[in-house]
Amino acid sequence: MSKTCIIEMSWMRRFVVQAAFGMLLGPWLSASNAQAQAPEWEVDASEYQYSASLFFAVVENGVLSADGGNLVGFFDEEGACRGSSGVTYIESNDSFVGGMLVHFNQVNPPLNALVYVGSMDTIIQAETPVLNLVPQASNGSIFNPVLVAVTYD
(Lines give C-alpha, C1' and ligand atoms only; values in the text may rest on other atoms or scores of the structure.)
Protein backbone atom coordinates (compact mmCIF):
# COMPACT_ATOMS: atom_id res chain seq x y z
CA MET A 1 0.00 0.00 0.00
CA SER A 2 1.20 3.47 -0.77
CA LYS A 3 1.98 5.68 2.23
CA THR A 4 -0.59 8.21 1.07
CA CYS A 5 -4.35 8.57 1.33
CA ILE A 6 -6.12 9.85 -1.73
CA ILE A 7 -8.80 12.44 -1.20
CA GLU A 8 -11.44 12.93 -3.89
CA MET A 9 -11.74 16.66 -4.39
CA SER A 10 -14.57 18.67 -5.94
CA TRP A 11 -14.12 19.82 -9.53
CA MET A 12 -12.99 16.27 -10.39
CA ARG A 13 -9.47 16.96 -9.10
CA ARG A 14 -7.42 14.58 -7.01
CA PHE A 15 -4.84 15.55 -4.47
CA VAL A 16 -2.68 13.37 -2.28
CA VAL A 17 -2.03 13.97 1.41
CA GLN A 18 1.76 13.92 1.69
CA ALA A 19 3.39 13.40 5.09
CA ALA A 20 2.22 15.68 7.90
CA PHE A 21 -0.53 18.24 7.78
CA GLY A 22 1.60 21.28 6.99
CA MET A 23 2.30 19.83 3.57
CA LEU A 24 0.35 20.89 0.53
CA LEU A 25 -2.56 18.85 -0.82
CA GLY A 26 -1.89 20.29 -4.24
CA PRO A 27 0.06 23.16 -5.70
CA TRP A 28 -2.28 25.75 -4.23
CA LEU A 29 -4.33 24.23 -1.36
CA SER A 30 -3.21 23.64 2.22
CA ALA A 31 -4.66 20.97 4.52
CA SER A 32 -6.43 23.58 6.63
CA ASN A 33 -8.53 25.03 3.82
CA ALA A 34 -8.94 22.33 1.16
CA GLN A 35 -12.44 22.22 -0.30
CA ALA A 36 -13.55 18.64 -0.81
CA GLN A 37 -16.31 16.12 -1.19
CA ALA A 38 -16.36 13.54 1.58
CA PRO A 39 -12.95 11.87 1.36
CA GLU A 40 -12.46 8.14 1.08
CA TRP A 41 -9.81 7.53 3.73
CA GLU A 42 -9.01 3.82 3.72
CA VAL A 43 -6.69 1.61 5.77
CA ASP A 44 -5.05 -1.62 4.68
CA ALA A 45 -5.35 -3.39 8.05
CA SER A 46 -3.10 -6.23 6.85
CA GLU A 47 -0.10 -3.85 7.10
CA TYR A 48 -0.50 -3.46 10.85
CA GLN A 49 -0.04 -5.87 13.77
CA TYR A 50 -2.35 -4.17 16.26
CA SER A 51 -5.56 -2.22 16.55
CA ALA A 52 -7.42 -0.32 19.23
CA SER A 53 -11.01 0.87 19.25
CA LEU A 54 -11.96 4.54 19.33
CA PHE A 55 -15.35 6.10 19.95
CA PHE A 56 -15.31 9.83 19.23
CA ALA A 57 -17.40 12.96 18.84
CA VAL A 58 -16.44 16.09 16.95
CA VAL A 59 -16.34 19.46 18.70
CA GLU A 60 -16.57 22.46 16.35
CA ASN A 61 -15.46 25.79 17.81
CA GLY A 62 -16.07 24.56 21.35
CA VAL A 63 -19.54 23.11 20.68
CA LEU A 64 -20.43 19.44 20.30
CA SER A 65 -21.14 19.02 16.58
CA ALA A 66 -24.62 18.22 15.29
CA ASP A 67 -23.26 17.60 11.76
CA GLY A 68 -24.07 14.06 10.64
CA GLY A 69 -21.77 14.50 7.63
CA ASN A 70 -18.55 14.73 9.64
CA LEU A 71 -15.71 12.26 9.05
CA VAL A 72 -12.56 11.81 11.15
CA GLY A 73 -9.30 10.27 9.98
CA PHE A 74 -6.08 9.53 11.85
CA PHE A 75 -2.80 9.61 9.92
CA ASP A 76 0.81 8.71 10.70
CA GLU A 77 3.81 10.95 10.03
CA GLU A 78 4.11 9.63 6.44
CA GLY A 79 0.47 10.42 5.70
CA ALA A 80 -0.78 6.81 5.85
CA CYS A 81 -4.36 6.53 7.02
CA ARG A 82 -4.53 4.50 10.25
CA GLY A 83 -8.28 4.73 10.82
CA SER A 84 -11.32 6.70 9.69
CA SER A 85 -15.03 6.83 10.32
CA GLY A 86 -18.09 8.97 9.93
CA VAL A 87 -20.54 9.70 12.72
CA THR A 88 -24.00 8.33 13.56
CA TYR A 89 -26.76 9.94 15.57
CA ILE A 90 -27.18 8.23 18.94
CA GLU A 91 -30.66 9.10 20.21
CA SER A 92 -29.98 8.21 23.84
CA ASN A 93 -27.04 10.68 23.80
CA ASP A 94 -28.76 13.18 21.53
CA SER A 95 -25.39 13.48 19.76
CA PHE A 96 -23.37 12.23 16.82
CA VAL A 97 -20.73 9.62 17.70
CA GLY A 98 -18.32 7.69 15.49
CA GLY A 99 -16.46 4.46 16.07
CA MET A 100 -13.39 3.02 14.37
CA LEU A 101 -10.41 0.77 14.75
CA VAL A 102 -7.06 2.57 14.70
CA HIS A 103 -4.26 0.37 13.32
CA PHE A 104 -0.58 0.49 14.32
CA ASN A 105 2.67 -1.49 14.64
CA GLN A 106 4.12 0.24 17.72
CA VAL A 107 2.50 1.21 21.01
CA ASN A 108 1.16 4.78 21.03
CA PRO A 109 2.36 5.85 17.57
CA PRO A 110 2.38 9.59 16.85
CA LEU A 111 -0.79 10.31 14.89
CA ASN A 112 -2.48 13.42 13.51
CA ALA A 113 -6.20 13.93 12.99
CA LEU A 114 -8.13 15.44 10.10
CA VAL A 115 -11.84 16.21 10.21
CA TYR A 116 -14.01 16.51 7.14
CA VAL A 117 -16.68 19.00 8.24
CA GLY A 118 -19.64 17.96 6.11
CA SER A 119 -21.67 21.18 6.52
CA MET A 120 -18.74 23.21 5.20
CA ASP A 121 -17.45 20.61 2.69
CA THR A 122 -13.98 21.27 4.11
CA ILE A 123 -11.12 19.26 5.61
CA ILE A 124 -9.59 20.79 8.76
CA GLN A 125 -6.63 19.69 10.85
CA ALA A 126 -7.90 18.78 14.31
CA GLU A 127 -6.39 19.06 17.73
CA THR A 128 -5.31 15.42 18.02
CA PRO A 129 -6.61 13.90 21.25
CA VAL A 130 -4.38 11.80 23.47
CA LEU A 131 -5.16 8.16 22.73
CA ASN A 132 -4.13 4.98 24.51
CA LEU A 133 -3.04 2.98 21.47
CA VAL A 134 -1.98 -0.36 22.83
CA PRO A 135 -3.21 -3.67 21.38
CA GLN A 136 -6.92 -4.24 22.00
CA ALA A 137 -7.33 -1.01 24.03
CA SER A 138 -10.60 0.85 24.03
CA ASN A 139 -10.61 4.64 23.79
CA GLY A 140 -13.89 6.29 24.78
CA SER A 141 -17.37 4.81 24.54
CA ILE A 142 -20.68 5.68 22.94
CA PHE A 143 -21.70 7.46 26.15
CA ASN A 144 -18.30 9.04 26.85
CA PRO A 145 -16.58 9.56 23.49
CA VAL A 146 -13.10 10.97 22.94
CA LEU A 147 -13.49 14.57 21.75
CA VAL A 148 -11.83 15.54 18.45
CA ALA A 149 -11.82 19.34 18.30
CA VAL A 150 -11.58 21.66 15.30
CA THR A 151 -11.50 25.43 15.31
CA TYR A 152 -12.26 27.62 12.32
CA ASP A 153 -13.59 31.06 11.42
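Calculation rules
Residues numbered from 1 in each chain as written. Predicted model: local features only at pLDDT ≥ 70, side-chain atom pairs only at ≥ 80, totals over all residues. Heavy atoms only, no water. Helix = DSSP H or I, 4+ residues; strand = E, 2+ residues; numbered from the N terminus. Buried < 20%, exposed > 50% of the residue type's maximum accessible area, 1.4 Å probe, protein only. Contact = heavy atoms within 4.5 Å. Areas by Shrake-Rupley, 256 points an atom, 1.4 Å probe, with all protein chains shown as cover. Phe/Tyr/Trp six-rings, centres within 6.5 Å; stacked < 30°, edge-to-face > 60°.

It is worth spelling out the overall build of the protein at this point. Broken down by element type, the protein carries zero helices and 13 strands. When the helices and strands of the protein are placed in sequence order, the string is β-β-β-β-β-β-β-β-β-β-β-β-β. Per-residue burial for the protein yields a buried fraction of 46% across its 153 residues. Counting contacts in the protein only where the partners sit at least 6 residues apart, residues at least 24 apart contribute 67% of the total. Element-wise, carbon and sulfur atoms account for 53% of the exposed surface of the protein, whose accessible area totals about 7700 Å².

One non-glycine residue, Asn 108, adopts positive backbone phi at about 45°. Within the secondary structure, Asn 108 sits in the loop between strand E9 (95-104) and strand E10 (112-117). Its relative accessible area of 40% is what places Asn 108 among the partly exposed residues.

The next point concerns the packing of aromatic side chains. Centre distance and the angle of the planes are the two values used to describe a pair of aromatic rings. Within the structure shown, the criterion is met by three aromatic pairs. Ring centres of Trp 41 and Phe 75 lie 5.2 Å apart, and the angle between their planes is 90°; this geometry places the pair in the edge-to-face category. Placement of Trp 41 in the loop between strand E3 (34-35) and strand E4 (50-60) and of Phe 75 in strand E6 (residues 71-75) is noted, with a sequence separation of 34 residues between them. With a relative accessible area of 1%, Phe 75 lands in the buried category. Taking 5.8 Å as the distance between ring centres and 40° as the angle between the ring planes, the aromatic pair formed by Tyr 50 and Phe 104 counts as tilted. Remark: Phe 104 occurs in strand E9 and Tyr 50 occurs in strand E4; sequence separation between them is 54 residues. The class for Phe 104 is buried, based on a relative accessible area of 0%.

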